[in-house]
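Each chain is listed here by its residues.
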Amino acid sequence: MRRTEKIRMPGGHQEPEVRRRRSQKRRAFQTSRYSLWIASLMFLFSLAAPADGPDISVQVDITKAGPRKIEAQTEGRILADYRMAWTDLAQALNANEAGGFAGLFVGNAKQWLEQTVTSQRRSGVSTRYSNQSHKLQAVFYAPEGDLIELHDLAEYDAQVLAGGKVIHQDHGVHRYVVLMTPGADRWVIRELTEVREF
Amino acid sequence: MLALALACPTAAQEVTVPRSAVAGTDVTLSTTGSGKADFYLVGPGVASKSKVSLGEEIRVPGDQLRYAGKYLAIACSATCNSGEFFVTAAQPASLAFLVHPSRVPARQPDAVSGVVLLFDKFDNLVVASETINFQVKGANETLFSRAISTHDGEAWFRTSSGKTAGAVRLMAAVGDLSAQRALQQVASEPCHLRIKAQPTAKGIEVETEPVRDCAGNPISDGTIVTFTGTDPEGKISIDAPIKGDVARAHMKDAEPVVISAACGVAMSNELRIDLKR
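A quick note: this is a predicted structure, and the numbers were derived from the prediction, not measured.

### Section: the sheet that holds strand β24 (residues 248-251) of chain B
Residue and element names in this part refer to chain B. One open sheet holds the three strands; their spatial order is β19-β20-β24, and the pairing between them is antiparallel. Each edge of the open sheet is held by one strand with a lone partner, namely β19 (195-200) and β24. Ignoring which end each strand starts from, the neighbouring axes of this sheet average 20 degrees apart. Here β19 pairs with strand β20 (residues 203-208) via six bridges, running antiparallel. The residue bridging Ala197 from the neighbouring strand is Val206, located in β20.

Right under this line is the structure:
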């Protein structure tokens, strides 16, 4: 309909003008289509990559949790918050800055983290965690949903530095018993204790 | 005792650490070699540095080992060697007892639950197994009594509510430690709702007999009873709260009327009243 109207428009130079416009439109359409593809790809990559820190992978297994069933949304939240907590922990112990816990640690866990940072700063020590992989197993989810206990089979590279010099490094498997409780808008870690075995 | 020599192929000194320790207690480490070295203790809540003489024992005070977890003992002279040991929680010193709900209707299956978490005096979760004695007592009955072992510091139970309305005490005990909570057991759904009516000069006074649940517990004040009057012109409904076990309503109606009431799942008897007779 529109095309017919344009061809019938008066004036000898209208037809090439229409063609130019059409060609510009086509180019604009193709460009916007490529942009859309690129944006989609970027979005997909952003979903596939870990949201918080490039080298922290977290998996959670909820099949053994009970007595309450863990909903998919809760599982996703716990996973995201736990990953974020380890990102914060690694940054805090590397940079010796206690302010970056973003409210993800409370109670005993927050207390020992803050004390570690203070103590590290005083003695010129820092700790680096890299290539973190955490396999979480939910072992208890309270009947009213106000507490979850997890086992974390973590694997990472750890370096202890004093005055910028590495004084200890290892790569190994670590076992943590974790207590998390729901906060206002996130799950927070109350206890994070490394144990020899579960 | 466990000796570990890490990070240095030609170790001049070794750090020998205990296999495990208890939170808050002193630990003695030993070293081999000679000369001075920097000693680092790195673990939860601590990253201390001190000068030590190799070949001598190193005493780590308990206040540096307050938190359960893994600790690294690192001795550095020309090179660094380290040993690691685990600190476990001390004896249980407190228990967190979470109870739900705070009010529960009588005779509800699996309606009451409790979770206990055990902590030592440094607030470390006591992951070693302990036996918790749970008791749930109503006014005239023991609703639940069982010893349950903790797993990774937690133990839990779930039980049904009792028959009688009133306070319920929940207790959890381990050794000398105990915690007590209370919840209120209230009447369940109303049962056998019956109404009676009395014509007055201004209409009809209608009231329920005392409203109770099937176990005879009086229904809480404030629970709404809906009275419905039907006459040839239509229906009228009045919501009235229970006060002192009874709900009352006044209907201004001169026509023959059928009155009934409902509360929760209970329906009352029907009354037929003809004021013109």
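### Regarding the pairing of strand β1 (residues 56-61) of chain A
Residue and element names in this part refer to chain A. Residues Ile56, Val58 and Val60 of β1 are buried on one face, while the alternating residues Ser57, Gln59 and Asp61, pointing to the opposite face, are not. Bridge count for β1 against strand β2 (residues 125-141) is six bridges, and the pairing is parallel. Looking across to β2, one finds that Gln59 is bridged to Lys135.

### Here's the deal with unusual backbone geometry
Between Gly66 of chain A and Pro67 of chain A the backbone carries a cis peptide bond, its omega angle lying at 0 degrees. Structurally, Pro67 of chain A can be placed in the loop between β1 and α3 (72-95). Residue Pro101 of chain B is bonded to the preceding His100 of chain B through a cis peptide linkage, with omega at -10 degrees. With respect to the helices and strands, the residue Pro101 of chain B is situated in the loop between β10 (94-100) and β11 (103-105). With a phi close to 50 degrees, Asn131 of chain A is a non-glycine residue in the positive phi region. In the Ramachandran plot, His192 of chain B falls in the positive-phi region, its phi being about 50 degrees despite a non-glycine side chain. Relative to the assigned elements, His192 of chain B resides in the loop between β18 (190-191) and β19.

### Quick look at the packing of α3 of chain A against helix α4 (residues 107-123) of chain A
All names here are of chain A. Where α3 meets α4, the closest approach of the two axes is 8 Å, and the angle between their N-to-C directions is 25 degrees. In terms of their interaxial angle, α3 and α4 are classed as roughly parallel. Contacts between α3 and α4 involve Leu89, Ala92 and Leu93 from the former and Trp112, Leu113, Thr116, Val117 and Gln120 from the latter. A breakdown of the residues in the contact of α3 with α4 according to their chemical character gives six nonpolar, two polar and no charged.

### Structural notes on the nonpolar core
Among the nonpolar cores identified, the biggest contains 56 residues, and Phe105 and Leu192 of chain A are the most heavily contacted of them. Tallying contributions element by element places α3 of chain A first for this core, with eight residues. Counting residues in each nonpolar core, the second largest holds 23 residues, with Val116, Ala155, Phe157 and Ala172 of chain B among its members.

### Remarks on the layout of surface pockets
When its volume is computed, the largest pocket comes out at roughly 340 Å³. Lining the largest pocket are 23 residues, with Val195 of chain A together with Thr88, Ala89, Val127 and Ala128 of chain B sitting closest to its centre. Among the secondary structure elements, those contributing two or more residues to the lining of the largest pocket are β5 (187-195) of chain A together with β9 (80-88) of chain B. Of the residues assigned to the lining of the largest pocket, the class counts are 13 nonpolar, five polar and five charged. When residues of the lining of the largest pocket are assigned to domains, at least three map to each of domain 1 (11-88) and domain 2 (94-186) of chain B.

### Some points on the domain arrangement of chain B
Residue and element names in this part refer to chain B. One can read the domain layout of chain B as domain 1 (11-88), domain 2 (94-186) and domain 3 (190-273). Taking only C-alpha atoms into account, the centre of domain 2 sits 40 Å from that of domain 3. Across the contact, seven residues belong to domain 2 and five residues belong to domain 3. Per-residue buried area on domain 2 facing domain 3 is highest for Arg107, Lys163 and Ala165; these three make up 61% of the total on that side. Where domain 2 touches domain 3, the interface holds zero salt bridges. Inspection of the domain 2/domain 3 interface yields two residue pairs in polar contact (both at pLDDT 80 or more). For the side of domain 2 that touches domain 3, the per-class residue count stands at three nonpolar, one polar and three charged.

### Observations regarding the state of the cysteines
All names here are of chain B. Considering all chains together, one arrives at two disulfides over all chains under this definition. Shown here is the disulfide that connects Cys76 with Cys80, its sulfur atoms set 2.0 Å apart. In this structure, the disulfide formed by Cys76 and Cys80 twists by about 115 degrees around the S-S bond and is classed as right-handed. In this pair, the class of Cys76 matches that of Cys80, namely buried. What pairs with Cys191 in a disulfide is Cys214, and their sulfur atoms sit 2.1 Å apart. Negative torsions about the S-S bond denote left-handed disulfides, and the value of about 85 degrees found for Cys191 with Cys214 makes this one right-handed. One end of the pair, Cys191, is in strand β18; the other, Cys214, is in the loop between β21 (212-213) and β22 (224-231), and 23 residues separate them in sequence. In this model Cys263 remains outside any disulfide bridge; the closest cysteine sulfur is found in Cys191, 11 Å from its own.

### Quick look at the environment of Glu209 of chain B
Residue and element names in this part refer to chain B. Within the fold, Glu209 resides in the loop between β20 and β21. Judged by relative accessible area, Glu209 falls into the partly exposed class, the value being 34%. Sequence separation between Glu209 and Asp245 is 36 residues; the distance between their C-alpha atoms is 7.9 Å. When near neighbours in sequence (up to four residues on either side) are disregarded, Glu209 contacts Arg194, Asp245 and Val246.

### Description of empty space enclosed by the protein
For the structure shown, the criterion picks out one cavity of 30 Å³ or more. Considered as a void within the structure, the largest cavity measures approximately 350 Å³ in volume. Lining the largest cavity we find 25 residues, and of these Tyr129, Tyr176 and Glu194 of chain A together with Gly43 and Lys70 of chain B sit closest to its centre. Of all the secondary structure elements, the ones that give two or more residues to the lining of the largest cavity are α3, α4, β2, β3 (148-162), β4 (165-182) and β5 of chain A together with β5 (36-43) and β8 (69-76) of chain B.

Cut-offs and rules
Residues numbered from 1 in each chain as written. Chains lettered and ligands numbered in written order. Predicted model: local features only at pLDDT ≥ 70, side-chain atom pairs only at ≥ 80, totals over all residues. Heavy atoms only, no water. Pairing = 2+ DSSP bridges. Helix = DSSP H or I, 4+ residues; strand = E, 2+ residues; numbered from the N terminus. Axes fitted to C-alpha atoms, helices over the stretch in contact; angles between N-to-C directions. Buried < 20%, exposed > 50% of the residue type's maximum accessible area, 1.4 Å probe, protein only. Parallel < 35°, antiparallel > 145°, perpendicular 65-115°, else oblique. Contact = heavy atoms within 4.5 Å. Nonpolar A, V, L, I, M, F, W, Y, C, P; charged D, E, K, R; others polar. Core = buried A, V, L, I, M, F, W, Y, C linked by side-chain atoms within 4.5 Å. 1 Å grid on protein atoms, 1.4 Å probe; cavity = no way out; pocket = protein on both sides within 12 Å on 5 of 7 lines; lining within 4 Å. Points joined across faces, edges and corners; volume = space filled by probe spheres on them. Domains from an automatic or database assignment. Buried area = accessible area lost by both parts, 1.4 Å probe. Salt bridge = Lys/Arg side-chain N within 4 Å of Asp/Glu carboxyl O. Polar contact = N/O pair within 3.5 Å; in protein donor to acceptor, adjacent residues only side chain to side chain. Disulfide = S-S within 2.5 Å.

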